[in-house]
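Letter by letter, the chains look like this.
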Amino acid sequence: MLLVVWNLLFCQNVHSLPICPSGAANCQVSLRDLFDRVVMLSHYIHSLSSEMFIDFDKRYAQGRGFIAKAINSCHTSSLATPEDKEQAQQIPPEILLKLILSMLYAWNDPLYQLVTEVGGMQEAPDAMLSRAKEIEIQNRRLLEGIEKIVGQVHPGVKENDVFSVWSQLPSLQAADEDSRLFAFYNLLHCLRRDSHKVDNYLKLLKCRIIYDNNC
Amino acid sequence: MADFARRQKKPLIHCLSQEKGANMKGNVVSTTALVLLFLNISLLNGQSPPGKPEIVKCRSPDKETFTCWWKPGTDGGLPTNYSLTYQREGEKTRYECPDYITSGPNSCFFSQKHTTIWKIYIITVNATNRMGSSASDPLYIDVIYIVEPEPPQNLTLEVKQPKDKKPYLLIKWFPPTVIDVRTGWFTMEYEVRLKPTEADEWEVHFAGQQTHFKVFSLYPGHRYLVQTRCKPDHGYWSKWGLESSIEIPSDFPTKDTTVWIFVAVLSAVICLVMVLAVALKGYSMMTCIFPPVPGPKIKGFDAHLLEKGKSEELLSALGCQDFPPTSDCEDLLVDFLEVYDNEDEQLMPPHSKDYPGQGVKPTHLDPDSDSGHGSYDSHSLLSEKCEDPHAYPSTFHIPEVNEKPENPEENIPCIPDPQSISKEGNGPYFPTDESKSSTWPLPQPGQHIFRSPYHSIADVCKLAGDPAGALASLLDKAEKDILKSSKTFETGGEGKVDEQKEMEDAHSETKQDASWPLLREKAPLIHGKPPDYVAVHKVNQDGVLSLYPKQNENGHQPEKSRAPEGNKEYAKVSGVMESNILVLVPHAQATNMALCEEPAKKAPPSLEQNQSEKDRASLTAASSNCRGPLGGLDYLDPTGFVHSFH
């Protein structure tokens, strides 16, 4: 009874999102709710990635000049993603969504390897491992959400042909400490950037599709 | 420079010296001197190539443009030019800063055209002067990680006092001009802070992505200062914007009912918890705090009758035949159980401290004196039940101290077999079918009339004018006695030993020496003639039961006037039958009484609480002296000791 009263007093603007139980065939979450959820996820994933990178940089990469070597080394750089506001606003939403999907697919494998390798690293701090695991989990959920959005916004879109292959696993497992650390640095640097891209694109799309450019 | 000059000097001098004569030599020397002088003057001025510049920071206010600022090093005393060059990730071309002016001195502004997001910029600043140049360390930046917006704009404050609602301060602002929030390119979060003018600490509130904020808890009559700032979704906080101030009107009501609601809810919960606790454990708590006052237990007292107001029935239930008492009440004033061979015999009262010279005659006991009441009560209970059924209604009962199911309808058989006296000390004191007091029968033939010497009833009969008061006093006395007796017989056990212990306990509890044991009576009528009973006087420490002989009603001095032959006293238990019936053996000890009297008389006559022990001692002594013909008989005629109590 006390909880009920408490809720009445303090939680006046509770907006409960409708939840689709898994497996329900005709369940249709509204597009607005879908976008709210994916934006929340992408924001969260980028925050985690940023923290991970800053942590790693401070701990292992000081004075090694890794940043200079990390130029143009992300495996997703081949994707033709927009690189400023104009480009992002000119690109049609469906294509942008497809690009986002491609990026997310491209990160499935590297994230898995990251979790495995960080788990194997004895000197890796616990926070790094937990963040890595969390990013991997949330990335999959984000993927599902965007697929649902694509199904609603642009149904009938073909499966993506273009996806980038990540081939830096040997570097991650290198015996040389410097090489190995640089491989991690590079991975985290690219992850931070790509997660920001996804986050920004989704926020753009949300304002465009749901609020008609009037956020 | 000096070295160079020197180096230049040497070959010159050398050439000069080699080629020409003294004239040429003089010209060379002057030229050299001039050059040296010039160099020296330069050195003395401190000119040098510029020191290394340093890029301080780069910031983007809107994720579309950005600016870099540098700090120049030493300029070497010469005018120094600074230039900024950059290179972008994935490109090989080096560019120079497009705009040195917009952002102020020592800065470079990158317009939209020159800004690319998600690409690393490699920026270098060169310092050049006449003497040389130097370059700064390269800076690697990605524009998305250097976003720091301007503070919010157009801060407005307004005190709103809507009807039927709480008044508040409404703070509104706008995002910085250059920010593009509408398209979703830029996502901004805000913070508000305010304080009264004289306060030291700011009150900070996070406002999320909205551009307004309501403040409710403000002190009326104060002037408040308000500021805002903002932050991109991933970036740095802006500086605090310009201050705005507002005066809160003095009639600003500051009710805060939320706190009262919370307090009310909390107290309701506490009350509920207390009520539950009391309900669950109330009984035990209350019995702890207020021990239950035992209700009055008057034998024969029917509360229902009292409610109905039928005093006659009530009093008759109590044992009075009618009210106001008539001469019939005399019958009730018998002090103890009477067993009659014939109608004239009567037992003596167990003690006559209170009744000097009234050995047998039923007297009115002092209602306030407690001595002997216990025994009378127990005695009376049995006798009550064993009364002539015509005299008493068959349905009477006394409310019990201990809750045993009552059976008021049961007609208590008052004619136990002399051979089969059930003895069971357990059970509550009060007469129910399970617990009845009984006395030792005398094997005297003839009818028996049991009278109840319920002194308190006698009092009731007497105090006709004040039945309520009498009842009250009765109840009190009865209560005490009953409690005492019930306590003593609470823990019952079977067998002689237990009963003896109980009797000893009873001895110690009751003030008087004589106590009537509570014996369970289970007495089917075996013989045709009614058996006789004797009263157990006491039990001494060896577990000897000393019994009263049945006495004449006419108050004969028992120890003197009784014909020994006529007296058969049951003073020895020969065995126990059926685990609750004592089989008694008659025994005549009258001849020994004279001998036994002496030690009894020597016993101090006082009736103190430890009298019982002394009596036991004396009894034992007497018994040891008074070995009768049966030898080894340890039972004594207690009547011999009656004198000692006079």
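Per chain, residues are indexed from 1 in the order of the written sequence. Chain letters and ligand numbers both follow the written order, the letters beginning at A and the numbers at 1. Residue-level local features of this predicted model are given only where pLDDT is at least 70; pairs of side-chain atoms are given and counted only at 80 or more, and the full residue set underlies all totals for whole chains, interfaces and linings. In computing side-chain values, all of the structure's heavy atoms are included and hydrogens and water are not.

Under the convention used in this document: UniProt positions are given in the numbering used here, feature names are shortened, and annotations may be inferred rather than shown by experiment.
Chain A is annotated in an unreviewed UniProt entry as Prolactin of Jaculus jaculus. Quoted verbatim from the Function (unreviewed entry) heading of the UniProt record, the comment on chain A is "Prolactin acts primarily on the mammary gland by promoting lactation." Its UniProt record gives chain A a comment under Subcellular location (unreviewed entry), which states: "Secreted".

Points about the sheet that holds strand S2 (residues 66-71) of chain B
Residues and elements named next belong to chain B. Selection criterion: In this analysis, strands are considered paired if DSSP registers two or more bridges between them. Note on conventions: DSSP H or I runs of at least 4 residues are helices, E runs of at least 2 residues are strands, and numbering of each starts at the N terminus. Axes here refer to lines fitted to C-alpha atoms; in helices the fit is confined to the stretch in contact. Angles between the N-to-C directions go from 0 to 180 degrees.
Ordered by their spatial adjacency, three strands build an open sheet running S1-S2-S5, and the pairing between neighbours is antiparallel. Looking along the sheet, the strands with just one partner apiece sit at the ends: strand S1 (54-59) and strand S5 (107-110). Averaged over all neighbouring strand pairs, the angle between strand axes comes to 15°, with direction disregarded. As judged from the five bridges shared by S1 and S2, these two strands associate in the antiparallel manner. Opposite Arg-59, over in S2, you have Thr-67 as the bridge partner.

Things to note about the interface of chain A and chain B
Put simply, the rule reads: Between two residues, a contact is recorded if the distance between any of their heavy atoms is within 4.5 Å. Summed over both partners, the accessible area lost on bringing two parts together, with a 1.4 Å probe, is the buried area. By salt bridge we mean one thing: a side-chain nitrogen of Lys or Arg within 4 Å of a carboxyl oxygen of Asp or Glu. Residues are grouped as follows: nonpolar covers Ala, Val, Leu, Ile, Met, Phe, Trp, Tyr, Cys and Pro; charged covers Asp, Glu, Lys and Arg; every other residue, Gly included, is treated as polar.
Taken residue by residue, the interface counts 35 residues in chain A and 30 residues in chain B. Surface buried jointly by chain A and chain B totals about 2900 Å² across both partners, of which 62% is contributed by carbon and sulfur atoms. Counting the surface chain A buries against chain B, the share from its top three residues, Glu-83, Lys-85 and Arg-193 of chain A, is 21%. The tally of links from chain A across to chain B stands at six salt bridges. Where Asp-142 of chain B meets Arg-193 of chain A, a salt bridge forms, and the shortest distance between an N and an O atom there is 3.6 Å. Listing elements by their share of the side of chain A that touches chain B, those giving two or more residues are helix H1 (2-10), helix H2 (31-60), helix H3 (66-69), helix H4 (85-90) and helix H8 (177-209) of chain A. Here the element with the most residues in the side of chain A that touches chain B is H8 of chain A; it accounts for eleven residues. Residues that form the side of chain A that touches chain B fall into these classes: 15 nonpolar, eleven polar and nine charged.

Section: the UniProt feature "binding site: Zn(2+)" (unreviewed entry) in chain A
Which entries qualify depends on this criterion: Only protein chains enter the accessibility calculation, which uses a 1.4 Å probe; a residue is then buried when its area is under 20% of its type maximum, exposed when over 50%, and partly exposed in between.
Residues annotated in UniProt with the feature "binding site: Zn(2+)" (unreviewed entry) correspond here to His-43 and Asp-199 of chain A. Sequence-wise these annotated residues cover 157 residues; spatially they are packed, their C-alpha atoms never more than 5.8 Å apart. Within the secondary structure layout, His-43 of chain A lies in helix H2. A relative accessible area of 25% means that His-43 of chain A is categorised as partly exposed. Apart from residues lying up to four places away in sequence, His-43 of chain A is in contact with Asp-199 and Lys-203 of chain A together with Asp-233 and His-234 of chain B.

Quick look at the packing of H2 of chain A against H8 of chain A
All names here are of chain A. Rules: If an angle is under 35 degrees, it is roughly parallel; if it is over 145, roughly antiparallel; if it lies from 65 to 115, roughly perpendicular; otherwise it is oblique. Two helices crossing with the near one rotated counterclockwise from the far one by less than a right angle form a left-handed crossing, whereas a clockwise rotation gives a right-handed crossing.
As a packed pair, H2 and H8 sit with axes 8 Å apart at the nearest point and diverge in direction by 155°. Classified by the angle their axes make, H2 and H8 are roughly antiparallel. With respect to the hand of their crossing, H2 and H8 are arranged in left-handed fashion. Along the lines of polarity and charge, the residues of the contact of H2 with H8 split into 19 nonpolar, eight polar and six charged.

What to know about the sheet that holds strand S12 (residues 203-208) of chain B
All names here are of chain B. With antiparallel pairing, the four strands of this open sheet are ordered in space as S12-S11-S14-S15. Both outer strands of the open sheet, S12 and strand S15 (244-247), are each paired with one neighbouring strand and no more. Pairwise comparison of adjacent strand axes, ignoring direction, gives a mean angle of 25° for this sheet. With five bridges connecting them, strand S11 (residues 188-196) and S12 associate as antiparallel partners. The residue bridging Val-192 from the neighbouring strand is His-205, located in S12.

Details of the side chain of Glu-136 of chain A
All names here are of chain A. Assignment of secondary structure puts Glu-136 in helix H6 (residues 126-153). Accessibility expressed as a relative area gives 13% for Glu-136, which makes it buried. Sequence-distant contacts of Glu-136, defined by excluding residues within four places in its chain, comprise Leu-111, Tyr-112 and Val-115.

Let's talk about the pattern of salt bridges
Within the structure shown, the criterion is met by 20 salt bridges over all chains. Its salt-bridge partner being Glu-89 of chain B, residue Arg-193 of chain A comes within 2.8 Å of it at the nearest N-O pair. Here Arg-193 of chain A is found in helix H8, whereas its partner Glu-89 of chain B is found in the loop between strand S3 (80-88) and strand S4 (94-96) on a different chain. The residues Arg-193 of chain A and Glu-89 of chain B share a single accessibility class, namely buried. Here the salt bridges do not stand alone but share partners, grouping Glu-51, Asp-55 and Arg-131 of chain A into one network.

Considerations on the packing of aromatic side chains
All names here are of chain B. Threshold: Pairing of aromatic side chains requires ring centres within 6.5 Å, counting the rings of Phe and Tyr and the six-membered ring of Trp. Pairs whose planes differ by under 30 degrees are stacked, by over 60 edge-to-face, and all others tilted. Criterion for a charge above a ring: Arg CZ or Lys NZ at most 6 Å from the ring centre, at most 35 degrees from the ring normal.
For the coordinates displayed, the defined rule picks out 17 aromatic pairs over all chains. Seen in terms of ring centroids, Trp-70 and Tyr-82 are 6.4 Å apart; in terms of plane orientation they differ by 40°. Their pairing is tilted. Here Trp-70, found in strand S2, pairs with Tyr-82, found in strand S3; they are twelve residues apart in sequence, far enough to count as distant. Like Tyr-82, Trp-70 is buried. Pairing Trp-173 with Tyr-190 gives two aromatic rings, centres 5.5 Å apart and planes at 55°, and the pair type is tilted. Residue Trp-173 is found in strand S10 (residues 168-174), and its partner Tyr-190 is found in strand S11; the two are separated by 17 residues along the sequence. No difference in accessibility class separates Trp-173 from Tyr-190, as the two residues are buried. Taken together, Phe-66, Tyr-86, Tyr-95, Phe-110 and Tyr-121 form an aromatic cluster joined through their ring pairs. Directly above the aromatic system of Tyr-236 lies the positively charged group of Arg-59, at a separation of 4.3 Å from the ring centroid.

Overview of the state of the cysteines
Put plainly, two cysteines are in a disulfide when a covalent bond ties their sulfur atoms together. The cut-off we apply is this: A pair of sulfur atoms, both from cysteines and within 2.5 Å, is called a disulfide here.
Per the stated rule, a full pass over the model turns up four disulfides over all chains. Shown here is the disulfide that connects Cys-207 of chain A with Cys-215 of chain A, its sulfur atoms set 1.6 Å apart. Linking Cys-207 of chain A and Cys-215 of chain A, the disulfide has an S-S dihedral of approximately -105° and is accordingly described as left-handed. Classification of Cys-207 of chain A as buried rests on a relative accessible area of 5%. On the basis of relative accessible area, Cys-215 of chain A is assigned to the partly exposed category, the value being 41%. The partner cysteine of Cys-97 of chain B in its disulfide is Cys-108 of chain B, sulfur to sulfur 1.8 Å. One disulfide, between Cys-97 of chain B and Cys-108 of chain B, carries an S-S torsion of 110° and so falls in the right-handed class.

Thoughts on unusual backbone geometry
All names here are of chain B. The phi dihedral of Asn-154 is positive, around 50°, even though this residue is not glycine. By the element assignment, Asn-154 lies in strand S9 (residues 153-160). Exposure remark for Asn-154: the relative accessible area of 53% places this residue in the exposed category. The phi angle at Asp-164 is positive, at roughly 60°, despite the residue not being glycine. Given the relative accessible area of 85%, Asp-164 is considered exposed.

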